[in-house]
Every structure is written in C-alpha cells, then in structure tokens.
Amino acid sequence: MDSHPRVAPNLVMLGPPGAGKGTQAVRLSRQFGIPHISTGAMLREAVHPLTPLGLEVKDLMERGALIDDGLITRLVFDRLGRPDAVAGFLLDGYPRTVPQAEALDAFLADRAGLVIVEIELSDAEVLQRLAARMICSECGVNAQDDRDYATCHDCGGRLVPRADDREEVVRKRLEVYHAQTEPLVGHYAGRPAFRRVDGARLVDQVTTDLVLEIQEVLARWE
Ligand code: AMP
C-alpha cells in the first residue's frame, strides 16, 4: 500500500503536545520512506543512564520545560548527518523554538527545502487527550486509541501513563508551546511549503489530509 514518491521530503511536523504528531509521524515515515526522528523519543532513550546530564534532562522533561537549544540541536544534527537521513527525514518535536528553526535552516542550506506541516488542536482537546494517553513502558510507543488492552501492540510491554502527561505538567507544556513554539508558525507561515491541517478528527482523516498536502508541495518541486 505504501507508495514512495520520487522526491523524499525533508519534513517538519509542528503542533501542540497531544495533537497526534507522533502517531502521524509513524504513518508518514512509512508512506514516504523516510526516517522518523522524534526528539522526545531520542531524549527519553538517552536519559536512561543516570548521568548528571541525563538527570538534568529528565527533570526538565518531567516539568514540561524545554531542553537547552544548543544541546538538542547537536543531537538532531548528529542524527540528520547519518546516511539514512540524507535523502529525506521527518522531524517530530524539532524545531521547537525560533533559534532552533534558524539553526535548522542554516544546517540544511545545501539540501532540498523543508515541507512544514502543522497539526492544529485546541488546548481543551489536548488536555482531554493527554489525560487518557498511555505509552509502552518498554519501547515508548503510544498506545492506540482503543483502550481494551493492557499491553503494547508492538512489543507486549506494559502500558503506563507518560510521566509528563499529568495535568499540571500538560498545562505547563501548553504554556511553553504557546510562548516558545507557536512563534515558529510565524517563522514558517509565509513559505509556500507550509501547510496546516485540523487535528481534531479521526486519525485516518488527518493522515489522508497530511499526505495530500505533502504530495501537493512535492509535486510543485518535481
Ligand atoms: P515530546 O515527546 O516531543 O513531547 O518531547 C518531550 C519533552 O522533551 C519536551 O517536553 C521537552 O522537555 C523535551 N524536548 C523534545 N524536543 C525538544 C526540543 N526540540 N527542544 C527542547 N526540548 C525538547
């Protein structure tokens, strides 16, 4: 069913926490044959060893605050330099501040242009969705919408709430999103390759819209 177009996109996904970026990113990376690079997942993996830096990052994440621009940028650029990301990639969770977006533009100066998609969702929807979200304690994947099971569909691990999905932390993450990440929309909105979709619909409908929007941008570039 997957169809890889001739041009693989350099894709950036924007949207508040809980908008469905992670879920859609898994689908889009398969559809376009590009690696899914999730900074949240990279960080959650990297903070396992209890080093002082790991503990500092874990604490920031559990409070819903952002990691230092320089640190996260080094992690992301290191990942984008690997061979599988040279012909296209999907960034989920980066950039999250205007300085990160400026660093990314400079880093990609010699590569194909960015396609930026924003998934929109109201604060009320975000709070409702994240109150119910479960993730796998083993592989970190989001559990699917159907909540009739207690273990991960992918690896059989136990499902648990995410440490930063407690309501007070979600409120903090939304505050950080509006203050620091929303200005990114201004950074990108004037570009012809910026697209916005409504995230308050069924997962499949959002995927269909995203694929159409991305293909439309790519078709102009071919
Ligand atoms: P996410 O899984 O994308 O919601 O990210 C979880 C947490 O990781 C965020 O609340 C931040 O603490 C941290 N994080 C992820 N990406 C970034 C980024 N680009 N800049 C700063 N902090 C980040």
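Student: It is not clear to me how the overall build of the chain should be interpreted in this structure. Could you clarify?
Tutor: Each helix and strand in the chain was counted, giving 9 helices and 7 strands. Compactness check: the chain gives a C-alpha radius of gyration of 17 Å against a globular reference of 17 Å for 222 residues, within 12% of the reference. Referenced to the eigenvectors of the C-alpha coordinate spread, the extents of the chain come out at roughly 45 × 40 × 35 Å. Expressed as a percentage of the 222 residues in the chain, the buried residues total 43%. Considering only contacts in the chain between residues 6 or more positions apart, those separated by 24 or more positions represent 72%.

Student: Please clarify how the pattern of salt bridges should be interpreted in this entry.
Tutor: Close approach of charged atoms lets side chains of opposite charge pair. The full count for this structure, using the stated rule, is 19 salt bridges. With a shortest N-O distance of 3.8 Å, E120 and R196 are connected by a salt bridge. Placement of E120 in strand β4 (residues 114-120) and of R196 in strand β7 (residues 194-198) is noted, with a sequence separation of 76 residues between them. Residue E120 is classed as partly exposed on the basis of its relative accessible area, which comes to 38%. Counted as one network, the salt bridges with shared partners bring together R133, R162, D164, D165 and R173.

Student: Any chance you could explain the site of the ligand here in plain terms?
Tutor: Surrounding the ligand, one finds 16 residues, the nearest of these being T39, A65, I67, G93 and Q100. Contact distances for the ligand include 3.1 Å between an oxygen atom and a side-chain N or O atom of R44. Interatomic distance of 2.8 Å between a backbone N/O atom of G93 and a nitrogen atom of the ligand. It is helix α2 (residues 39-46) that provides the largest number of residues to the shell around the ligand, a total of 4 residues. Grouping the constituent residues of the shell around the ligand by class yields 7 nonpolar, 4 polar and 5 charged.

Student: Help me understand the nonpolar core, please; the structure alone is not making it clear to me.
Tutor: Within soluble globular proteins, side chains that are nonpolar tend to cluster in buried spots. Grouped together as the largest cluster of nonpolar side chains are 27 residues, with contacts concentrated most on L14, L80, F89, L91, L104, L114 and Y188. Among the secondary structure elements, those contributing two or more residues to this core are β1 (10-14), α3 (52-63), α4 (69-80), β3 (89-92), α5 (98-107), β4 and α8 (183-188). The element that contributes the greatest number of residues to this core is α4, accounting for 5 residues. When neighbours within four sequence positions are excluded, L14 is seen to be in contact with K21, P95, I116, V117, E118, I119, L184, V185, Y188 and F194. Ranked by size, the runner-up nonpolar core spans 24 residues in total, among them I119, V126, V197 and I214.

Student: Would you mind going over the packing of α2 against α4 with me for this structure?
Tutor: Here α2 crosses α4 at 105°, and the two axes come no closer than 11 Å. The orientation of α2 with respect to α4, classified from their angle, is roughly perpendicular. Where α2 abuts α4, its residues T39, M42 and L43 lie against I72, L75, V76 and R79. Its residues placed into classes, the contact of α2 with α4 shows 5 nonpolar, 1 polar and 1 charged.

Student: What exactly am I supposed to notice about the packing of aromatic side chains here?
Tutor: Aromatic ring pairs are described here by two measures, namely the spacing of the ring centres and the angle between the planes. Enumeration over the complete set of coordinates arrives at 2 aromatic pairs. When the centroid spacing of 6.3 Å and the interplanar angle of 75° are considered together, the rings of F77 and Y94 count as edge-to-face. Here F77 is found in helix α4, whereas its partner Y94 is found in the loop between β3 and α5, with 17 residues between them in sequence. For the pair F77 and Y94, one class covers both residues: buried. With a centroid separation of 4.1 Å and 15° between ring planes, the pair formed by F77 and F107 is classed as stacked. With F77 in helix α4 and F107 in helix α5, this pair connects stretches of sequence that are 30 residues apart. The rings of F77, Y94 and F107 are connected pair by pair, giving a single aromatic cluster.

Student: How do you make sense of the pairing of β1 when you look at a structure like this?
Tutor: A regular strand carries its side chains on alternate faces of the sheet. Most of β1 is tucked away: 5 of the 5 residues are buried. Alternating positions in β1 separate into two faces, N10, V12 and L14 on one and L11 and M13 on the other, with burial throughout. Examined bridge by bridge, β1 and β3 share 4 bridges and lie parallel to one another. Counterpart to M13 in the pairing with β3 is D92. As defined by bridge partners, β1 adjoins β4 across 5 bridges and the pair is classed as parallel. The partner of L11 across the bridge, within β4, is V115.

Analysis parameters
- Residues numbered from 1 in each chain as written.
- Predicted model: local features only at pLDDT ≥ 70, side-chain atom pairs only at ≥ 80, totals over all residues.
- Heavy atoms only, no water.
- Helix = DSSP H or I, 4+ residues; strand = E, 2+ residues; numbered from the N terminus.
- Rg over C-alpha atoms; globule rule 2.2 N^0.38 Å.
- Buried < 20%, exposed > 50% of the residue type's maximum accessible area, 1.4 Å probe, protein only.
- Contact = heavy atoms within 4.5 Å.
- Salt bridge = Lys/Arg side-chain N within 4 Å of Asp/Glu carboxyl O.
- Near = heavy atom within 4 Å.
- Polar contact = N/O pair within 3.5 Å; in protein donor to acceptor, adjacent residues only side chain to side chain.
- Nonpolar A, V, L, I, M, F, W, Y, C, P; charged D, E, K, R; others polar.
- Core = buried A, V, L, I, M, F, W, Y, C linked by side-chain atoms within 4.5 Å.
- Axes fitted to C-alpha atoms, helices over the stretch in contact; angles between N-to-C directions.
- Parallel < 35°, antiparallel > 145°, perpendicular 65-115°, else oblique.
- Phe/Tyr/Trp six-rings, centres within 6.5 Å; stacked < 30°, edge-to-face > 60°.
- Pairing = 2+ DSSP bridges.

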